[in-house]
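Chain by chain, the residues:
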Amino acid sequence: MVEWCLPQDIDLEGVEFKSMASGSHKIQSDFIYFRKGPFFGLACFANMPVESELERGARMKSVGILSPSYTLLYRYMHFLENQVRHQLETPGHYSHLAAFYEDKKGVLHAGPGRGGSLPPVYWLPSIHRYMYPEMKITHPAGCMSQFIKFFGEQILILWKFALLRKRILIFSPPPVGVVCYRVYCCCCLANVSLPGIGGAIPESKPFFYVNVADIESLEVEVSYVACTTEKIFEEKRELYDVYVDNQNVKTHHGHLQPLLRINSADREKYRRLNEQRQMLLYSQELEDDYTPCEEDLFVLFFLEQNNRIFQTLLEVSASQDKTLTAEHARGMGLDPQGDRSFLMDLLEAYGIDVMLVIDNPCCP
């Protein structure tokens, strides 16, 4: 239940399920990013044993905030962690939270009536220089390097699905905080900064944590990246295109099966990414003042890769014969055979008028 909130006239229906992940009773603490209507939320959860039959031996609370954008939420993580501890130890004292709200209010539009007039939340139609470095601050080792270590070469499979704007659902048992970062990293794979690209395709939205209370809203989404702790979602195939269970990436769509195979061009991209990371670590050891951080390198690596693909596709579509050859595919860093179905899906998704003349090795 929602115990206390400010402002009191804001629609918080279902927020109690978003701010406390299913299965959290098994862990001591966690943090959760989520969406609520046009807002993003960050909540910190804590679980304290108590000698009380009424509370069944444990007191569990979450303290969270909502904002039109998630980019600054990380700044208040420490405050929320302290406050949830405070709420567990001395329940019913809300003066710090009220003072925090008075200090920060004005960012959020209160009242359910005005929700429709808010500007939509856009997610990286082009690169936001000030957006992606924000989240790494709350992740001690940098969420991008964790992402690469966790998925390995499979980030190239996720990259293709993210670029195709598929509905990607990541399952993991609690704690869910680190999994919210995987959602964020997945969205970072799909950046394109060329004008005229992405107008005909839905934005890749980070929904962060979702649960069964979100089923209705997910049913109408054509593209999203989200995570859940609820295994029941795996059976609800109509809600997702790609299901990620820990490191196992799978899809129930027959036509997307070829995209699950790692090909030689993927291995080459992964080798190049790791090579650049090693060079970055080396230059950091030399203490060069102008060294970019690993998050920058990761985002720019995929941004450049995506721009190269779309630049080539746009040039071919503007040419006389509109013919895309194996040579073009190699020039884009793709495997002419292994990435054939990915290319066909990409042309269809983005509405690019090009004729693919790469022989299908399966056909006579």
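Quick caveat, the model's predicted, so the values are computed rather than measured.

A short note on the pairing of strand β1 (residues 29-36)
Of all 8 residues in β1, 7 are buried, a share of seventy percent or more. Here 8 bridges tie β1 to strand β2 (residues 39-49), and the two strands are oriented antiparallel to one another. When the bridges of β2 are listed, Phe 31 appears paired with Cys 44. Hairpin remark: β1 followed by β2, antiparallel, with 2 residues in the connecting loop; positive phi at Gly 37, about 60°.

Here we look at the side chain of Ser 67
Tracing the sequence through the fold places Ser 67 in strand β3 (residues 58-67). At 2.8 Å, the side chain of Ser 67 and the backbone oxygen of Ser 69 are in polar contact.

Focus on the packing of aromatic side chains
If you walk through the whole model with that rule in mind, you get 22 aromatic pairs. Seen from their ring centres, Phe 207 and Tyr 224 are 5.8 Å apart, and the 50° between their planes marks the pair as tilted. Of this pair, Phe 207 sits in strand β5 (residues 206-209) while Tyr 224 is found in strand β6 (residues 224-228), placing the two residues 17 residues apart along the sequence. Consider the rings of Phe 301 and Phe 302, whose centres lie 5.2 Å apart with planes at 80°: the pair is edge-to-face. Phe 302 gets classed as buried once you look at its relative accessible area, which sits at 0%. Here the basic side chain of Arg 35 rests over the ring of Phe 207, its NZ or CZ set 4.8 Å away from the ring centre. The aromatic ring of Phe 150 is capped on one face by Arg 182, whose charged end is 3.7 Å from the ring centroid.

The rules behind each value
- Residues numbered from 1 in each chain as written.
- Predicted model: local features only at pLDDT ≥ 70, side-chain atom pairs only at ≥ 80, totals over all residues.
- Heavy atoms only, no water.
- Buried < 20%, exposed > 50% of the residue type's maximum accessible area, 1.4 Å probe, protein only.
- Helix = DSSP H or I, 4+ residues; strand = E, 2+ residues; numbered from the N terminus.
- Pairing = 2+ DSSP bridges.
- Polar contact = N/O pair within 3.5 Å; in protein donor to acceptor, adjacent residues only side chain to side chain.
- Phe/Tyr/Trp six-rings, centres within 6.5 Å; stacked < 30°, edge-to-face > 60°.
- Lys NZ or Arg CZ within 6 Å of the ring centre and 35° of its normal.

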